Amino acid sequence: MRWTNPWNRRAPEPPTGQPTEDDDCAAARAALSAQLDGESEPPLTEAITEHLADCPYCAVWQESAHRLTRRVRLTSARTLPDRTTQLLAAVLADQSARQPVRSVYRLARWGLVGAAAAQLLIIFPALILGEAGALVPAHAARELGAFNVALAVGYLAAALRPSRARGALLLAVPATALLVVLAIIDTALGETTLVAETPHLVAVAGWALLWVLSRGPQEEPPGRVHRRTRAAAG
Amino acid sequence: MDELTRLAVQARRGEPSVMASFIRATQREVYSLCAYLVDEDTAEDLAQETYLRVFRALPDFRKESSARTWLLSITRRVCMDELRRRIRRRRRETLVAEFSTELNAGFNTDRPAPAADDDQGEVRELLSQLPEDRRSAFVLTQILGLSYADAGDICQCPAGTIGSRVARARGDLIQALERGAPRRTEKEVRRDAMD
């Protein structure tokens, strides 16, 4: 229960059920309101029951709230015409207008699945066998593999749910940009050849596809509504 | 899985007859929420906009969630967008009105508020004076009969917050009813100020 300073109480007024600034009244009314709705939060604690017995304002409020609730619930619902046909026609027209756009995104999603598969296939020897060229130590090759697997997982995640494309892009942009820049520099320095660097084209393709997906209309968030907020309720 | 959620999952395949059943089962609630949160004149348009967004988003709908709260949260978002649009427009119009009163005193473009012609209209009139968050909480729980938890999912806030908003909305409405006449709308206040 909240402790209220007795000197802070307002001077008594004729009971009208008007809202007051009083914390006790506010808590009592919140509990009464929840009770009217058959909800247990906030609960009618002993302190609140005591307050209700003493406070004439809240007693009036309770009565008014009861009447109001009944009145609203008994309000006759207007009979509405069935507009299913018009609504369905509008939806179908909208969908066929969006068809080309949607097929681009579907293609981009499948493209990402392909990019992920190619990436995994290319990196498999490095990750499992530790082989990534004669000059690369086995452990370094495996670590290289780990990073590439992460990139592939990013592609797959975005392909499964396009809303993740922006997040995946955050990872793919620096990785791909560095790969390309390093490939160019190292080719110029003679450390590698462009042919040896061709597997990085997969990363470039993945980056491009992620970009296409992330430009897509940000649809309504998927159907899971915030369950977490329920646990935090109180 | 409830019946409506099953219907939503089936409607993902794009079969028009299933889509029609989903619309038929939900249109009244969608319309009603639009009418209470915005107004009756625009409710039909808002309901249509809602269904366009719903079927665009349907491929991402997951069967673990409730189709009803999912649909109503999209409906509420459509209504919020409309209200925001109106606020912007009103601001612009007020600016224009200030200029035009200087040029052409007494010129008034405001439409009269639609008359409350029956019980439901009267309740709606009362509710339209509530702040938006309280109105949403009140309409969802009292008129559509949702639990605090479901209303919280729709408004993206904890169930406890819905509870206190409903309680405050009740307080506001009781006060408005006690005062007899409904409170003057913002529009009326502005009109009087301009006279």
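Details of the structure are given in the entry above.
Quick caveat: nothing in here was measured; it's all calculated off a predicted structure. (Residues numbered from 1 in each chain as written. Chains lettered and ligands numbered in written order. Predicted model: local features only at pLDDT ≥ 70, side-chain atom pairs only at ≥ 80, totals over all residues.)

Student: Explain the overall build of chain B to me, using residue names and the numbers behind them.
Tutor: The helix and strand inventory of chain B stands at nine helices and zero strands. Reading chain B from its N end, one meets helices and strands in the order α-α-α-α-α-α-α-α-α. When each of the 195 residues of chain B is scored for burial, the buried share is 39%. By sequence separation, contacts in chain B at least 24 residues apart represent 62% of the contacts at least 6 residues apart. (Helix = DSSP H or I, 4+ residues; strand = E, 2+ residues; numbered from the N terminus. Buried ≥ 20, exposed ≤ 12 C-beta atoms within 10 Å, placed from the backbone. Contact = placed C-beta atoms within 7 Å.)

Student: Could you give an account of unusual backbone geometry, with specific residues and numbers?
Tutor: Residue and element names in this part refer to chain B. One non-glycine residue, Gln 156, lies in positive phi territory at about 55 degrees. Tracing the backbone through its elements, the reader meets Gln 156 in the loop between helix 7 (148-155) and helix 8 (159-178). Judged by the 13 C-beta atoms lying within 10 Å of it, Gln 156 is partly exposed.

Student: Tell me what's going on with the environment of B:Lys63, and back it up with residues and numbers.
Tutor: All names here are of chain B. Within the secondary structure, Lys 63 sits in the loop between helix 3 (40-57) and helix 4 (67-103). The class of Lys 63 is partly exposed, set by 13 C-beta atoms lying within 10 Å. Spatially, the C-alpha atoms of Lys 63 and Ala 8 are 8.2 Å apart, while their sequence positions differ by 55 residues. In contact with Lys 63, not counting residues within four places along its chain, are Met 1, Thr 5 and Val 9.

Student: Could you give an account of helix 7 of chain B, naming the residues involved and the relevant values?
Tutor: The buried fraction of helix 7 of chain B amounts to seven of the eight residues, a majority that puts the element mostly inside the structure. B:Gln156 occupies a position one or two residues after helix 7 of chain B and carries a positive phi of about 55 degrees.

Student: Before we move on, can you summarise the interface of chain A and chain B with the specific residues and values?
Tutor: In this assembly, 45 residues from chain A lie in contact with 50 residues from chain B. Elements that contribute at least two residues to the side of chain A that touches chain B include exactly helix 1 (23-36), helix 3 (56-74), helix 4 (84-129) and helix 8 (228-231) of chain A. Here the side of chain A that touches chain B takes eight residues from helix 4 of chain A, the largest share from any one element. Split into classes, the residues belonging to the side of chain A that touches chain B amount to 18 nonpolar, 14 polar and 13 charged. (Nonpolar A, V, L, I, M, F, W, Y, C, P; charged D, E, K, R; others polar.)

Student: Any chance you could break down the nonpolar core for me, citing the residues and the numbers?
Tutor: Across soluble globular proteins, you tend to see nonpolar side chains buried next to one another. Judged by nonpolar contacts, the single largest core of 63 residues is most densely connected at B:Cys34, B:Ala137, B:Val139 and B:Ala151. A per-element tally of this core places helix 2 (residues 16-37) of chain B first, with ten residues. One finds A:Leu151, A:Ala172, A:Trp207 and A:Leu210 within the second-largest nonpolar core, a separate group that totals 18 residues. (Core = buried A, V, L, I, M, F, W, Y, C linked by C-beta atoms within 7 Å.)

Student: Give me helix 3 of chain A: which residues, what numbers.
Tutor: The terminal C-alpha atoms of helix 3 of chain A, which comprises 19 residues, lie 27 Å apart, in line with the 27 Å expected from a rise of 1.5 Å per residue. If you check which residues of helix 3 of chain A are buried, you get A:Tyr57, A:Cys58, A:Trp61, A:Ala65 and A:Leu68. Burial along helix 3 of chain A is one-sided: seen end-on, the buried residues are contained in an arc of 80 degrees. Residues of helix 3 of chain A that are exposed and point more than 90 degrees away from the buried face comprise A:Glu63, A:Arg67, A:Arg70 and A:Leu74. Looking at the buried side of helix 3 of chain A, the elements it contacts are helix 1 and helix 2 (46-54) of chain A together with helix 8 of chain B. (Expected span 1.5 Å × (residues − 1). Arc of directions from axis to C-beta.)

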